[in-house]
Structures are given as C-alpha cells and as structure tokens.
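Per-entry structural report
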Amino acid sequence: MNPQLSTEARLEAYSMSARDAINQLRSHAVNGIDESRVASLHGRYGANLLTEAKPVAWWIKLLAHFSQWVILILIAAAVIAGTMGEWIDAIAILAIVMLNGTLGFIQEEKAGRALAALRAMSSPMAKVIRGSSVQSIPASELVPGDVLQLEAGDQVPADARLITAFDVEVQESSLTGESMPATKDAEVVLPASTPLGDRRNSVFMGTVLTRGKATVVIYATGMQTELGQIAGMLHQSVSKPTPLQQRLTELGQVLVVVCLFIVVVIFSIQYLRGGGLMETLLVSISLAVAAVPEGLPAVVTIALAIGLQRMARRNALIRTLPSVETLGSVTVICTDKTGTLTRNEMTVRELWVGSGRYRVTGTGYEPQGKFLQESMHSDPDVAHRQAEPTSKEVSGDADKDLLKAITIAATCNNASMSPGKNGEPWQVIGDPTEAALLVMSMKGGIDPDGIRKQIIYEVPFDSERKAMSVVVQGPRGIVMCSKGAPEVILAKCSTELRNGDTREFNSERRQQIQKQNFEMASRALRVLAFAYRDEPEQLDGKYQENGLVFAGLVGMIDPPRDEVGTAVAVCQRAGIRPVMITGDHPATALAIGRELQIATPESSATTGLELDNLTDDQLAEQVEKIAVYARVSAAHKLRVVQSLKKQGQVVAMTGDGVNDAPALKAADIGIAMGITGTDVTKEAADMVLTDDNFASIVLAVEEGRGIFDNIQKFVHYLLSCNAGEVMLMFAAAILGMPVPLLAIQILWINLVTDGLPALALAMEPPERDIMQRQPRPARESVITARRGWRILYHGSLICLCALFGFWWVYADDSGNLAVARSAAFAIMAFSQLAFALVCRSHRYTLPQLGLFSNNWL
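Predicted, not measured: the structure shown is a model, and the values here were computed from it. (Residues numbered from 1 in each chain as written. Predicted model: local features only at pLDDT ≥ 70, side-chain atom pairs only at ≥ 80, totals over all residues. Heavy atoms only, no water.)

**A look at the environment of L162**
Relative to the helices and strands, L162 is located in strand 4 (residues 159-171). C-alpha separation for the pair L162 and K184, spaced 22 residues apart in sequence, amounts to 8.2 Å. For L162, the residues in contact, after removing those within four places along its chain, are A18, K184, D185, A186, R200, N201, S202, V203, A214, T215 and V216. (Helix = DSSP H or I, 4+ residues; strand = E, 2+ residues; numbered from the N terminus. Contact = heavy atoms within 4.5 Å.)

Structure, rendered in structure tokens:
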C-alpha cells in the first residue's frame, strides 16, 4: 500500500449527503468513475487489501526461547563444564536447553496469522460501474469513487456511502457487535460524532447484506476502511510477557546472584586454605551446578504442555504455552455479549394476545419448546402488583387467539429453515427476527411451507413504513396478515381478536396494549405486533393495510446461554469481575447484564460516546466500577482493556467478531469463540473455546490456577532439593571435608531424582477450594518471602541427613571417599523422593489429599 495513504485524511462520507460524497470523490451516481482515473487512483491509494505486518524470521523466534535467565545460566554452566573437560555434564545440560527451546518454539509457531485472516474476509469479486458500464472485477482493484451494485447475500468489499437503498439490512455483528442486522437508509445525513454501529447510511468492508438492494459509492479502501483500522491496531499491539514469564525471569536473576555469591565465597575459602587453582575451580563449579535447578525450564514447559492437553479436553485450546498459567491470575474478564454471553440467535420469549400472556420456552433456532399460559392480569399495572404468575402448558391450536398469532408469524415471513445434517444445528436463511418468528410458529405445530404456498400478494417491509403484509388465498377466502412496529400496526387496526371473537377497540384498551408494549420493551425485548383482515380492500389492484384486526404482541431477544449465569456466579466467588463490552444497544446490553448479575439493578451502561468524552485519567478512576459498556467500537474496547491493565488488573478479553481482535491481542489473555468466532479473532487470541461456551472459561481458569499451584509446588520442591545440595557442599567445604558429591552426581539428582517427581507434582489435580480463593496478586513472585524461608528450612533438613551419612561413612579415611560419596548420593536421592510427598500441598495433609489421588507421583 502507498505510504502516502497513512497521512491522508479519511473522508467521513456518512456526515454528508450522497450527492456531496460523490462530488468529493469526483465520481458519478449513474456512470461511476472515469476509466482514465483508475490507474492514478490505484497509484495514490494502493490495492484494496489489508497489509501484513513484516514477518519475524523463524530463527529470531527460536532464539527468543533461549533468552530466559535460567536458560542463560545453564548455557554458561555447559560452556564452563566443557572448558573443564566435563563433556558429559556439558552435553546433558545443552540437551535440556535444546529440548526446552524447541518445545516452546513448536507450540507458538502457529501464532501471528491475524492479518492473513483479515485479508481472507475481503470479497474476491465486485460488481462495479465504470465508464457507464457494469463490470465484475476483483475486489482488490477497487478504488475510492467506484460505484457498486450490492444485493442480498453480497459481502461488502470496501467502506461505502449508500446512494440508493431499497429495504437494505446488513449483518454487521462481526464488526460492531450488534446482534440484529442494521437497517440502512441512503437519505439520512448523520453528525460527525455518530458511532460506527449507528451509521445507517454506510456499509463496511467484511459485512454482509441480508436483505434488499443498494447502489453505493466507495469512500475508503484497504487499510483506510474500518476493518483496515482494526488491522492497524493489531500492528500496534505489542505482546507483553505473561506473569509466569516475568516471575521466572525474576527467579533466574535471583539464581544468578546466588550462584555468583556461592562461587566467589567457596573459591575464596578453598584458595585461601591452600587449595590448588583447578581443584578449587572444580569445587566452585560443582556448587554452581548444585545451585541451578537444571530441570526447572523443562519441567515448566512440560507442565504447561500437560495443562494445555487437559484444557483441550475441557474445550479450551491454548495457542501459547505461558497463557495456560496466565488464566490462573485473571482478575477481570471483559466479555463481548453477542455470541459469547448470548446465543446470537434471536428467540421469542413471550406472546401477548387477547386471551392472555404466553411464555415460550426453548432457545435458539431449534424448533423445540412449549407455550405456557400465565394466569396473570392482562393490564401490566395490575400484573405488576400480583405475585409471581402461575403457568400451564397449552398446545398451539388450543386457543384461537394463540393459533391466529402464530399463524400470522409463519405466513408474514420471508425466512426459511432446514434441519442440519448429522446432528448439526438448524440452518437459517433470511432475517434473524423472521427466523425467530418461524421457530415460534413451528413450536405451535404450524407448517410454514404449506401456508406460504398460498401467498398471492405481498407488501414488503419498508424501514419507513415499519410494517410488512402478505395476502393469502385460504380455504375460507382471502386473508391479509401483517406484522410490524406496534405503534404502526395499532394505527391500522379498528378491532381486536379477543377470546376468539372480534371486538371493537376503545381508548382504554389501546392504552392497555401500549402499556404492554412499553413493559416488554423495558425488559429489552424487541416487540412486534400482529394483525389480520379477512377480505381486505383493494384500490387500483393493490391490497390496502387498513381496518385490520389486532392479533397480539410478540417479544424476542438474543437470550443468554443457559450455562452463563452459573459461570458468572463462579467467577464472582473466585474474585474475578466479569465486565460486558458490546456494540449492542445500551438497553439490551444492560438487560442481559442484569439478568446474568454482571450488573446490579442500579447500574447503568456506559456508551462509546461517553467514553470519548472521558480523559484517560477520568476513565482510570471509573473503569473499575463500570460493569457494562454499550455501543462501543474496536478502539473503545482496546482503550478499556488498556485502562484496566494500567490499574494492575490481569485482563482476559473474550469475543468472536473482527471488532474484538485488537482488544484480544492487547489483553493479558485473549479468548476467542471457536464456532462462531471469525478467523481474525482466533488468530489474535491466546485461547480458543471449541464449544463457544462461556462456562468453559471458568473451567480453564480453574485449570490455570491449578497449574500455577503445581508450578509453585515443584519449584518449591526443586529449589529445596537444590538448597540441600548447596548447603551440603558449602558445609563440607567449611568443615574441611572432601567434596561430598561430584558434579555428575549432582546433575543426575537434578535431572532424574528431582526431575521426575517434579513432573509428577505437575500432574497434581486442582485443590478442592481453588475457585473460592481470590486471584493471586499480579506482582506476586513465584517464591514469596514466606516460601523462601520454608525452602531454606526444608533444604537444611535434606542437607543434614546427607552430611551425617557422608561423615559417618567417610570417618576421616580417604580410602572410604568413594563409598561415602555413594552414601551421600543415595541419602540425598531418597530423602528428596520422600520430600516430594510433602510438597503436594501446604493446605492439606497427605491423608486428606488421599495417598493415591496422584498416581503419577
């Protein structure tokens, strides 16, 4: 892409009329741009593609795995051992280093494909008007000023301003987070501050037309599009070390200081006592080998890999090894709403007809559910004062009012459904709202295909009329069925269907219906009204929408997943605060947030526009109190995540849409949905949920906490053992004894006697109260001061056992030295094996844990 583009102002076409936008772009609404200008525009703006970040060479990625302090110590030890002629020691240490680095490199090589996935979302071909003729060209060749023709099913190849639009709806959930398709209007001119989700006169790259036809003029291509700006955010996002990486780095630095101190002290003591230079150096190196836990990097890597496999069995795929542990320290989960907390499937929840209110069970597009009639007063004011309503199951044809309403829902409908193959979900073609109505009618036993074969006339939905009608030729004559916004349908009605009879409307009854509409809407339900008329009027061959019979109201919503409420409660008990960040409407977001108890009844939703009016300092003051963000863009999500991290929170961000990708990459751990998530989101994430189940995050957090617990256990074990070895060597030197253990014996103990029990400790199941604990402090070291003293205490006990055995066998006789070293070696090894059982828990005793609850150990 031409670098000039980065400094060029982006045309905000939504804030001007279509004619002004076309003039600014030097195009023509009918003829498009001149063919003679295409080449120069290509040179100016570049191809309509999303650019990739400069790839990092594989060898640089591989070398990054050898930059940890512990690894550097081991490499230094191997070099010194080789210089001293101890080739077995040197080769063994280098083998450990190579194993550790290669495992990490292989696990993480799949990362960094986010921009390639973004590019794949672009439409490959586009129908463009150039020089008065319609052409089909590759989308990559489009330039600002091109005039396109779009229709239902087309993917939008660039950001464009509508010129003409007939009944256009666009599915933008992957970009804006809005669960419902957005209705578009070519005539409106919007303020410059209008957020992305409300730009009704524009369409955006990567979105899909679900209804209607449109002519548009492109005003942004490639990296200048909304999708391109998200790609730019991914470029700018720098991955920071995870808490585990930071703590292991700190531990490595401590070990460097300890090793240097021990080598200097022992070398000085031995040399001052008249020891030879080479002999003194060998003793010092033996101590350095004893101080460094050679098996630690390999055990950490293998422990994380084991955790990765366990999480995969619980529907969570981890893409980077350190992210396994990061989950255990999460304090805030920022979650998208659509498709993450909710099913991303509109579902009818209730139906209000003349005979009463019906609750509709079942969720999603599976036509399985019941109608439960509630024994509640029809007036919402009275109903509010009543106790909890009772309900009874009713079949679809048992109530004439109910039957009429669900028949209208199936008839006045352009969606279609088919069962999925091999147990897959039902497939929906058409608008999600109409699909929800179709599912409701099928739950009542209606065959929509049979009814719609009788349609003889249609008045299609129009965003200005906010209504749709069809006329069917039934066995009892011609019937018009209508649906639309309640206020629009009510204005067309003169009577209502009530308990099977047609009754005249009066003002009091109209007010009751309007109250019912407002009450349902206040619970964030999307409300539609149904009506019908037998033998409708005709004027100039067109059927008229007047004199209708009001048949009822229907309320629908994209419902929360069944298991999410429990998962949110578990998170809160574990000291993890869920925060909803969505592009959806504030009322809808707040209703879902309150239902899931993410937000309190007194909470309000903070919008993207309000975020724009907050400085970074103001946001930092409020960010830990806000539970629901609505109508936010990708930049807003990124800003919230960054603000939370500045407050010291360890942030997990979940999502499925393209708009979530930058925030996922910026978070401490990004979590993508595996089924509904876009490729962009999956590639930007650290973890992918294979079942799109928010509850799987809780299971993954439990595993993450257990893994860090286990890391602490085997680090405690390894360092206690190494402390025992160092104390043994140090004490022998101080007491004037020969070296009790050779370097190769120490290396054997560290790799085999220490390494295998440490791996078994990594298999320890999570302790039973692990999800009742608060998250670990973000800055807490792997080795706290308290644990450090316990390590020294346990190390001194191991040292005393081995030192006593060496002294007893050696008995100041150099002829016994080899046997004494064997005795010290055996005592050290067996005492460490026994000590492994102690390290299983510092909260519970061995009988409480169960002797055989960890068969590996």
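Picking up where we left off.
**Some words on the sheet that holds strand 9 (residues 332-335)**
Pairing is mixed across the open sheet formed by eight strands, whose spatial order is 8-30-29-28-9-25-27-26. Strands at the two margins of the open sheet, each flanked by one partner only, are strand 8 (316-318) and strand 26 (606-607). Of the strands in this sheet, strand 25 (577-581), strand 26 and strand 27 (628-630) are in contact with helix 21 (residues 586-595), which crosses strand 27 at around 155 degrees. Along the sheet, helix 24 (residues 634-646) contacts strand 9, strand 25, strand 27 and strand 28 (651-655); its crossing angle with strand 28, the most-contacted strand, is approximately 160 degrees. (Pairing = 2+ DSSP bridges. Axes fitted to C-alpha atoms, helices over the stretch in contact; angles between N-to-C directions.)

**Details of the packing of helix 27 (residues 694-734) against helix 29 (residues 755-762)**
It is at 8 Å that the axes of helix 27 and helix 29 come closest, and there the two elements cross at 160 degrees. When the interaxial angle is binned, helix 27 and helix 29 end up roughly antiparallel. Considering only the axes of helix 27 and helix 29, their crossing is right-handed. Counted together, N710, K713, F714, Y717 and L718 of helix 27 and P757, A758, L761 and A762 of helix 29 form the full contact between these two elements. Its residues assigned to classes, the contact of helix 27 with helix 29 shows seven nonpolar, one polar and one charged. (Parallel < 35°, antiparallel > 145°, perpendicular 65-115°, else oblique. Left-handed = near helix turned anticlockwise from the far one by under 90°. Nonpolar A, V, L, I, M, F, W, Y, C, P; charged D, E, K, R; others polar.)

**Considering unusual backbone geometry**
Although it is not a glycine, Q597 sits at a positive phi angle of roughly 65 degrees. Within the secondary structure, Q597 is located in the loop between helix 21 and strand 26. Not every positive phi belongs to a glycine, and D812 is a case in point at roughly 55 degrees. Looking at where D812 falls in the secondary structure, it is placed in the loop between helix 30 (785-810) and helix 31 (817-838).

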